[in-house]
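# Remarks on the overall topology
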Amino acid sequence: MHRYLSRICLLLASATAGFGMSPALAADAEHGADLAKRWCASCHVVASGQTQASADVPSFASVARRPDFSPERLAFFLLDPHPKMPNFPLSRTEAGDIAAYIGSLRQ
């Protein structure tokens, strides 16, 4: 079973690479910004003009600048957040959109 799933993942990865696209590029960063402002801004600084957030959580810009940042890993993380995060029932598309938005903040 594990071998079968590995082959499917490899096939999907090579198919998207063959088209010159990654799943993160297919995501909608603009929609991710809207979602982040609605759901995440109470704790995180999600945009440059935001003036208030929790002090003990990273801004989205600082998350994007981490050397190990990956939109795919972040989207996966958002689907099963750590205990300190509220339980927002995000779809895979929404998680990908938020991750794409955060990736767009990388400088």
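The rules behind these values
- Residues numbered from 1 in each chain as written.
- Predicted model: local features only at pLDDT ≥ 70, side-chain atom pairs only at ≥ 80, totals over all residues.
- Heavy atoms only, no water.
- Helix = DSSP H or I, 4+ residues; strand = E, 2+ residues; numbered from the N terminus.
- Buried < 20%, exposed > 50% of the residue type's maximum accessible area, 1.4 Å probe, protein only.
- Contact = heavy atoms within 4.5 Å.
- Areas by Shrake-Rupley, 256 points an atom, 1.4 Å probe, with all protein chains shown as cover.
- Arc of directions from axis to C-beta.
- Axes fitted to C-alpha atoms, helices over the stretch in contact; angles between N-to-C directions.
- Parallel < 35°, antiparallel > 145°, perpendicular 65-115°, else oblique.
- Left-handed = near helix turned anticlockwise from the far one by under 90°.

### Digging into the overall build of the chain
A count of helices and strands for the chain gives six helices and zero strands. Overall, the chain shows an N-to-C arrangement of helices and strands of α-α-α-α-α-α. When each of the 107 residues of the chain is scored for burial, the buried share is 27%. Sequence-distant contacts, at least 24 apart, represent 57% of the contacts inside the chain between residues at least 6 apart. Accessible area of the chain: about 7,600 Å², with a carbon and sulfur share of 60%.

### Describing the side chain of His44
With respect to the helices and strands, the residue His44 is situated in the loop between helix 3 (29-40) and helix 4 (60-64). Classification of His44 as buried rests on a relative accessible area of 16%. If sequence neighbours within four positions are ignored, His44 has contacts with Gln50, Ala53, Val57, Pro58 and Phe60.

### What to know about helix 5 (residues 71-79)
Of all the positions in helix 5, only Leu74, Ala75 and Leu78 are classed as buried. With its buried residues spanning 100° around the axis, helix 5 presents them on a single face. The inward-facing, buried residues of helix 5 contact helix 6 (92-104).

### So, the packing of helix 5 against helix 6
Between helix 5 and helix 6, the shortest axis-to-axis distance is 8 Å and the interhelical angle comes to 135°. Viewed along their axes, helix 5 and helix 6 adopt a mutual orientation that is oblique. The hand of the helix 5/helix 6 crossing is right-handed. Here Pro71, Leu74, Ala75, Leu78 and Leu79 of helix 5 lie close against helix 6, whose contacting residues are Arg92, Ala95, Gly96, Ile98, Ala99 and Ile102.

### Considerations on the environment of Asp80
For Asp80, the position within the fold is in the loop between helix 5 and helix 6. Accessibility expressed as a relative area gives 62% for Asp80, which makes it exposed. Each C-alpha atom of the pair Asp80 and Leu90 lies 9.2 Å from the other, and the pair is ten residues apart in sequence.

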